[in-house]
Amino acid sequence: MDFQILTVLLIVAGSIILFVSEKFPVDMVAMMVLVALLLTGLVEEDMILNGFSNPATITVAGMFILSAALQRTGVVRFLANKIYAVAGKSKTRLNLVLMSTCGTLSAFINNTATVAVLLPLAMRFSDERGISPSRILMPLSFAAQFGGVCTLIGTTTNLLMNLFLIGAGLEPFGMFEFAKFGLICFAVGIVYMLFASKYMLKDREQTESLSEDYRLQDYMTEMRVLKGSPLIGQRGQDNALTEIGGRIIEMVRDGKIVWAAHNSTIHEGDLLVIRGDVDRILESESRLKLEDWAKGHLNASHLESDDISLLEVIVPTGSPIVGRTLTQLDFYWRYHAAVLGVRRRGSVLKTRIRDITFKEGDTLLVQGHKNDLLHLADDAEFAYLQDLSTLKLKTSKAFLSVVILASVVGAAAIGTVSILTAALCGALAVGFTKCLTAKEIYNAVDLRVILLLAGLIPLGAAMESSGAVSSLVDIVMASLGSYGPIYGLGGIYILTMVLTAVMSNNATAVLIAPLALQVANSFGADPKPFLIAVTFAASTCFATPVGYQTNTMVYGPGGYKYIDFLKVGLPLNIIFFILAMVFLPLIWPL
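Residues numbered from 1 in each chain as written. Predicted model: local features only at pLDDT ≥ 70, side-chain atom pairs only at ≥ 80, totals over all residues. Heavy atoms only, no water.

### Thoughts on the overall build of the protein chain
Move 1: What the protein chain contains, in helices and strands, is 28 helices and nine strands.
Move 2: Going through the 590 residues of the protein chain one by one, you find that 55% of them count as buried.
Move 3: Intrachain contacts of the protein chain at a sequence separation of at least 6 include 80% that bridge at least 24 residues.
Move 4: Total accessible area on the protein chain stands at roughly 24,600 Å², and carbon and sulfur atoms take up 60% of it. (Helix = DSSP H or I, 4+ residues; strand = E, 2+ residues; numbered from the N terminus. Buried < 20%, exposed > 50% of the residue type's maximum accessible area, 1.4 Å probe, protein only. Contact = heavy atoms within 4.5 Å. Areas by Shrake-Rupley, 256 points an atom, 1.4 Å probe, with all protein chains shown as cover.)

In structure tokens:
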């Protein structure tokens with residue numbers, strides 16, 4: 001075997017072993033691959049960084065930014081909250097609505113981002129309705145994968161395959177070309193998971209608490225009841241707030257305390273003193289038509305400012321505010337920040353926030369301009385705990401973010417511009433319209449994925465230039481050549497499915513795409529169905545909790561065991577393989 005071929009295959013084998021062992025992060029492994037290619041001379045020095053400027057890498061970065069804009073402006077959360085109106089009490093109906101919503105969103109938004117937003121909502125449904133999270137979180141993860149393979153921008157793997165087609169001089173995929181087969185998989189997958197949730201998944205205890213991410217339980221906060229609130233007419237003891245973990249401690253009407261608040265009916269304009277998980281309460285403000293102190297007392301220019309932040313601070317030992325109240329401190333005018341909530345460990349606060357006499361160790365949730373909060377956090381009177389700015393959504397920019405995404409999808413769909421140009425223009429528009437700040441744009445881009453692509457794209461090129469791809473094609477053809485292209489298609493699908501179960505789906509796609517193209521050419525077949533097979537097999541990994549990012553996200557919160565994914569996911573992978581063998585040749589003739 002030629003020395004270059006042997007070297008590149010050893011690098012590929014080593015990268016697969018490192019990906020599977022997880023001894024190093026995937027981005028570090030990709031950089032190891034890049035250095036190995038450089039040291040062995042398989043890629044020239046002036047070409048080694050081409051992966052960073054590759055259209056696939058830039059497009060993926062742009063889509064990360066667009067996804068973040070939809071989250072930050074509250075679009076995804078708004079859609080998710082609509083589930084409350086249609087989910088009902090049935091477990092099957094809840095799963096159907098959650099999966100349908102997740103799959104639909106994932107067709108246009110990054111899968112991981114979609115699950116990240118819907119996961120807390122699903123956990124709350126689980127808690128409120130007495131449903132084990134194990135029965136709804138795995139279906140949620142799988143639904144994100146069902147939806148992701150329905151559009152060109154659904155997953156980074158789809159974009160990679162499209163750009164690989166363009167690089168090979170072939171006609172690119174259309175925006176909704178994947179939907180021809182993707183919708184079949186979507187429908188079959190939904191039906192299968194409804195069955196699996198009911199009969200194959202067991203009730204399990206969750207091993208992780210999502211509320212621990214921010215540790216915002218047991219806060220005391222105040223909310224004003226606005227016109228049209230669903231709370232109006234409900235009683236203080238049993239109302240919509242209890243569904244999100246909130247409990248009314250006190251009710252103030254026309255400046256006077258309402259006695260026996262738990263038995264009183266809630267009226268428009270009432271000020272509710274609420275104890276509970278403040279992050280859940282803040283998220284539900286719009287749906288329940290409530291107004292926090294800041295919205296009730298500050299002008300619109302303050303509330304809609306792009307540098308409004310939310311911080312959690314603690315009253316340290318020796319702070320001069322100990323023994324004083326917000327009213328005595330004239331807190332807002334003194335610190336230019338609004339206190340949205342107060343928490344005291346080891347005791348239950350039962351008075352209005354303005355009347356709480358602060359003690360050492362009290363925790364405050366404060367909102368204000370970024371510079372004012374930085375000064376407050378640096379002040380000896382407070383100790384900084386964490387930045388919670390993402391809890392305050394830029395809802396005034398929601399319409400703009402939807403228009404930007406629709407423009408990107410529309411322009412790419414009708415072929416006005418390439419997906420790369422559309423994604424870049426969309427990312428710039430997000431910044432110009434201030435849907436995201438510069439810092440939020442940088443944070444939106446997952447550098448691990450960018451480094452992974454930048455490291456593995458040159459590896460794919462080295463496999464082709466060294467002749468390694470041709471050698472592998474010869475092996476496949478020697479084994480399957482006499483059986484026809486359908487067997488070659490099946491071999492490519494199975495190889496991709498197996499590899500993506502143990503290593504990154506993007507890494508698998510980059511490695512297998514050149515092989516799939518050569519196999520198709522050897523058979524004299526259309527390359528499209530072969531590359532679509534790679535795309536679907538790499539983007540729908542159900543058999544392991546590490547095979548796809550969304551599986552990993554729900555693994556802990558759902559209390560799953562490894563065997564749960566194998567038992568439920570492997571049959572689904574086999575079903576998708578059978579569907580691919582039946583429908584791919586029909587939709588895209590070989």
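Once you've had a look at it, read on.
### Details of the pairing of strand β2 (residues 247-253)
Move 1: By the criterion of burial, β2 is predominantly enclosed, with five of the seven residues buried.
Move 2: Sheet topology note: the β2/strand β3 (residues 256-257) ladder contains two bridges and is antiparallel. Bridging across to β3, R253 finds its partner in K256. (Pairing = 2+ DSSP bridges.)

### Focus on the environment of F164
Move 1: You can see F164 is positioned in helix α10 (residues 156-167).
Move 2: Looking at F164, the relative accessible area reads 18%, which means it is buried.
Move 3: Once the C-alpha coordinates of F164 and L531 are considered, the two residues, 367 residues apart in sequence, prove to be 9.2 Å apart.

### What about the nonpolar core?
Move 1: Among the nonpolar cores identified, the biggest contains 134 residues, and F146, M193 and Y493 are the most heavily contacted of them.
Move 2: Sorting elements by how many residues they give to this core places helix α25 (residues 505-523) first, with twelve residues.
Move 3: Excluding anything up to four places from it in sequence, F146 contacts F186, G189, I190, M193, F542, L572 and F576. (Core = buried A, V, L, I, M, F, W, Y, C linked by side-chain atoms within 4.5 Å.)

### So, a nonpolar patch on the surface
Move 1: Together, I563, L566, L570, I574, I578, V582 and L586 make up an exposed nonpolar region whose accessible area comes to about 620 Å².
Move 2: Along the chain, I578 falls in helix α28 (residues 562-587). (Patch = residues over 30% accessible without salt bridge, like charges linked within 9 Å, V, L, I, M, F, W, Y side chains within 5 Å. Salt bridge = Lys/Arg side-chain N within 4 Å of Asp/Glu carboxyl O.)

### Details of the side chain of S197
Move 1: Its place among the elements puts S197 in helix α11 (residues 179-199).
Move 2: Here the side chain of S197 touches N95 through a polar contact of 2.8 Å, side chain to side chain. (Polar contact = N/O pair within 3.5 Å; in protein donor to acceptor, adjacent residues only side chain to side chain.)

### Things to note about the pairing of strand β4 (residues 271-276)
Move 1: In terms of residue burial, β4 counts as a mostly covered element, since five of its six residues are buried.
Move 2: Of the strand pairs in this sheet, strand β1 (residues 219-225) and β4 are connected by six bridges, and their pairing is antiparallel. Looking at β4, one finds that Y219 is bridged to G276.

### Overview of the packing of helix α24 (residues 485-500) against helix α26 (residues 527-539)
Packed helices, taken two at a time, are described by the angle their axes make and the gap between the axes.
Move 1: Two numbers describe how α24 lies on α26: the axes approach to 8 Å, and their chain directions differ by 25°. Classified by the angle their axes make, α24 and α26 are roughly parallel. Crossing angle aside, the handedness with which α24 passes α26 is right-handed. Seen from α24, the contacting residues are P485, G488, L489, I492, Y493, T496, M497 and T500; seen from α26, they are P529, F530, A533, V534, F536, A537 and A538.
Move 2: Class assignment of the residues belonging to the contact of α24 with α26 gives a composition of twelve nonpolar, three polar and no charged. (Axes fitted to C-alpha atoms, helices over the stretch in contact; angles between N-to-C directions. Parallel < 35°, antiparallel > 145°, perpendicular 65-115°, else oblique. Left-handed = near helix turned anticlockwise from the far one by under 90°. Nonpolar A, V, L, I, M, F, W, Y, C, P; charged D, E, K, R; others polar.)

### As for the packing of aromatic side chains
Given two aromatic rings, their pairing is described by the distance between the two centres and the angle made by the two planes.
Move 1: Scanning the entire structure with this criterion turns up 17 aromatic pairs.
Move 2: When the centroid spacing of 4.7 Å and the interplanar angle of 55° are considered together, the rings of F142 and F542 count as tilted. Of the two residues, F142 sits in helix α9 (residues 134-148) while F542 sits in the loop between α26 and α27 (549-555), which places them 400 residues apart along the sequence. The residues F142 and F542 share a single accessibility class, namely buried.
Move 3: An angle of 50° between the planes, with centres 6.4 Å apart, marks the rings of F146 and F186 as tilted. Taken together, the residues span a long stretch of sequence, with F146 in helix α9 and F186 in helix α11 at a distance of 40 residues. Like F146, the residue F186 is buried in the burial classification. (Phe/Tyr/Trp six-rings, centres within 6.5 Å; stacked < 30°, edge-to-face > 60°.)

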